[in-house]
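# Coordinates in review
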Amino acid sequence: MSKVWIIASHEYIVNVRRIGFIFVTLLFPALGVIGLVIGALFGGQATKLLNSQFTPQARQAGIVDHSGFYTPIPAQFASRFIAFPDEATAKAALLSDKIGSFVVIPSDYLATGKITNYTQAGFSNITNDDPNLLRAFLVNGLLAGKVDPAYLARASKPADSTLVTLDSTGKPTTGVGLAIIAGFVAPYFFSIMLFIAVFSSSGYLLRSIADEKETRVIEIVLSSVSPPELLAGKVIGLGALGLTQVTIWLLSSFVLSGGLGAIAAGAVLVLNPGNFLLAALYFLLGYLLFGTIMATAGALGTNPRESQQLAGIFSFAAAIPWFFAGILFTNPNAPIARALSIFPLTAPTTMMLRLPLGGVPAIDIIASLIVLLISIPVVIWAGARIFRVGLLMYGKRASVKEIVSALKSA
Amino acid sequence: MDDLVVQVDQLQKSFNSLVAVDHLTFQVNRGEIFGLLGPNGAGKTTTIRILMDIIKPDAGAARVLGNPPGVARERIGYLPEERGLYRGLRVDETLVYLGELKGMSRATARKRATELLARVELSEWTRNKVQELSRGMQQKVQIIASIIHDPDLVILDEPFQGLDPVNVEVVKDLIRDLRAQGKTIALSAHEMSQVEVLCERILLIDHGKAVLYGALSDIKKQFSPNAIEITPPFSFDGWREVERTETHDHKQLIYLTKGTAPREFLKTALERGLAIDQFEMASMPLEQIFVQVVTEGRTTNDG
């Protein structure tokens, strides 16, 4: 067995049985189980409680009608709307918290369609509570008694839309929910999981090296293997450890979601194998990049805590794309998204976020892969040199001068 | 087989402005116990790390077991100065893993670990975690880790550091055993008194430079004072053969006047009826030789 594999299997076996690893790995499924149990036992009450937290109390809205179409308020709307003779009275009711908002319908409403909605909180309770309610009220005022009730009802709610997603052969996929899950939710979830795997694996790598340095076992190991062999063995073993953790999380989420997750994951592969393979590729490249950086940080710090502080700078860079998640979701091809895709430290994260959203230009994918394929050997080259210097400096961190001199050495 | 196990020629290594190894040249012969001696910071560990291919030299050449450093890793046993073990791992797991890294099969490494643990009376601790062992026990395990793969050359960097006197003797016995098995041992130490009884040849270095190099007996002879040591002590007032005396631990060190041979002194002492129990030629401790050489700025290099 080659030394790289001996180190890889040693790292895997030793770390997979650590209490800390087992605890974190089982925490995720355990939380899911707890959620299910709570749901089963207190489902009704819990839902009510949640609803009461997130749904604002349905409050009446005022109507100041200068058009004459809407007063008196029809009986079916009386529970939600209350008429006021003028703006001043309505404003007083709003300020004394008797109503949640009020709408002024001007005399030229029929011609302009303009209304004014007054509120105190910045949100109108009329449009927030039920977006169709105001429309139905306005349509009813204009058309009630003038058209067939069926037309009135349809004009109040003109569409009940069904989304059909076609696969590459033009066949509709069964079920709207599954299509959304397979097309966006599952790949997105998968990307996040891979992202977590990259950082949990690199974290283990950092700790493993920092621990070996702190316990002074590193030099004994280095008398048997070269620094690149040590690095390679650890990268493989601890990468496998991170994947094990994520696999357990994924499997548990499939089981807990009653198999829906498994079907969705299968659908990801069938519907978009390209994205799946690209995500796996970005995972591999991201892990190689951050794994090497973390290993170098592990070798440079005088103790695990200091190493983690050093590594934090790079983890922060990798998290930058999340700050722009809002832009990325609304426009996956925004200039900032494209720029982050070709910066080595942000490329894996950005691409993992962009891919599930679809429509990423091929040039962006190629450019980001080229950037990563060029920067990874550079990082490994520099990392191996700094690694060699940092590993043997006990109780003292390598200075910038020493790092530069290590990079210059043959 | 080549009789030169280690060959070092004009080796140089600097760390920024600090010259750690300065044109060092020496050889280690097959089957000997070789001492790389010098005070802390003399360049011993740097030299050893170059031989182990852990750091690269700036200039000069080194060959270990006939190869450049790093090639014959599996035939070398190494106990670094900065040493430790995986604290959370069991003793046997640690030794098997380190043995596997030296190219042993898992089964062979396990068998050999069991034998060596028994040799240093640690059999009952085999399945304990390293952190449960005392410091002395951990050091014994570290030494076992360095020889588990039955290496041809054993390099021990400060092997006695941190050991209590009892364990110093255990380790010395282990080194003598290895020597008896035909292994070559190169060891470093800053406390020269601890190793001068073990080493056949030495290299004394200071500030990266060779200060003394050669067979220990020759060096001792070269720096031997014109003195003898006797037991028990007597008064030598008025003796023209005696320049001065010093008494330590019931032993009397007698410095003879110039031109007086030890044999001549002994003859006179017996004629005068002194009941001498023990008589031996005095030799200068290695540490004293080192101080003398460094102070006088003399360098002797016969290599």
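Refer to the structure printed above.
Parameters at a glance
- Residues numbered from 1 in each chain as written.
- Chains lettered and ligands numbered in written order.
- Predicted model: local features only at pLDDT ≥ 70, side-chain atom pairs only at ≥ 80, totals over all residues.
- Heavy atoms only, no water.
- Helix = DSSP H or I, 4+ residues; strand = E, 2+ residues; numbered from the N terminus.
- Buried < 20%, exposed > 50% of the residue type's maximum accessible area, 1.4 Å probe, protein only.
- Areas by Shrake-Rupley, 256 points an atom, 1.4 Å probe, with all protein chains shown as cover.
- Expected span 1.5 Å × (residues − 1).
- 1 Å grid on protein atoms, 1.4 Å probe; cavity = no way out; pocket = protein on both sides within 12 Å on 5 of 7 lines; lining within 4 Å.
- Points joined across faces, edges and corners; volume = space filled by probe spheres on them.
- Nonpolar A, V, L, I, M, F, W, Y, C, P; charged D, E, K, R; others polar.
- Axes fitted to C-alpha atoms, helices over the stretch in contact; angles between N-to-C directions.
- Parallel < 35°, antiparallel > 145°, perpendicular 65-115°, else oblique.
- Contact = heavy atoms within 4.5 Å.
- Salt bridge = Lys/Arg side-chain N within 4 Å of Asp/Glu carboxyl O.
- Polar contact = N/O pair within 3.5 Å; in protein donor to acceptor, adjacent residues only side chain to side chain.
- Arc of directions from axis to C-beta.

Here the focus is the overall build of chain B. When you go through chain B residue by residue, the secondary structure sums to nine helices and 13 strands. Within the span of chain B, comprising 303 residues, buried residues form 52% of the whole. Surface summary for chain B: the accessible area is close to 14,000 Å², and the carbon and sulfur share equals 48%.

On to helix α1 (residues 3-16) of chain A, then. With 14 residues, α1 of chain A extends 20 Å from end C-alpha to end C-alpha; this agrees with the ideal 20 Å at 1.5 Å per step. Among all positions of α1 of chain A, only K3, V4, I6, I7, A8, H10, E11, V14 and N15 of chain A are buried.

Glancing now at empty space enclosed by the protein. All names here are of chain B. Taken as a whole and assessed by the stated rule, the structure comprises six cavities of 30 Å³ or more. Within this model, the largest cavity holds a volume of roughly 70 Å³. The set of elements that each furnish at least two residues to the lining of the largest cavity consists of β2 (18-29), β3 (33-37), α1 (44-51) and β7 (184-189). When residues of the lining of the largest cavity are assigned to their parent elements, the largest contribution, three residues, is made by β7. Tallied by class, the residues present in the lining of the largest cavity amount to ten nonpolar, one polar and no charged.

Two elements in contact, α1 of chain A and helix α2 (residues 91-101) of chain B, have axes separated by 9 Å at closest approach and are oriented at 160°. Judged by the angle between their axes, α1 of chain A and α2 of chain B are roughly antiparallel. Mapping the contact onto sequence places K3, I6, I7 and H10 of chain A in α1 of chain A and Y97, E100 and L101 of chain B in α2 of chain B. Its residues assigned to classes, the contact of α1 of chain A with α2 of chain B shows four nonpolar, one polar and two charged.

Going from T71 of chain A to P72 of chain A, the amide bond is cis rather than trans, its omega being -5°. Within the secondary structure, P72 of chain A sits in the loop between β1 (61-65) and β2 (81-84). Residue P232 of chain B follows T231 of chain B across a cis peptide bond; omega there is -10°. With phi around 60°, E121 of chain B is a residue other than glycine that occupies positive phi space. You can see E121 of chain B is positioned in the loop between α3 (106-119) and α4 (135-147).

When the parts come together, some accessible area is lost, and that loss is often what is quoted as the size of the interface. Counting from both sides, the interface comprises 24 residues of chain B and, opposite them, 25 residues of chain A. At the boundary of chain B with chain A, the tally comes to four salt bridges. For the salt bridge of E82 of chain B with R216 of chain A, the shortest nitrogen-to-oxygen distance reads 2.7 Å. Remark: the boundary between chain B and chain A carries nine residue pairs in polar contact (both at pLDDT 80 or more).

Residue and element names in this part refer to chain B. In this model α3 runs 20 Å from its N-terminal to its C-terminal C-alpha over 14 residues, within 8% of the 20 Å that 1.5 Å per residue would give. Looking only at α3, the buried set comprises A109, R112, A113, L116 and L117. Seen along its axis, α3 keeps its buried residues to an arc of 135°; they face one direction. The outward face of α3, more than 90 degrees from its buried face, is lined by the exposed residues A107 and K111.

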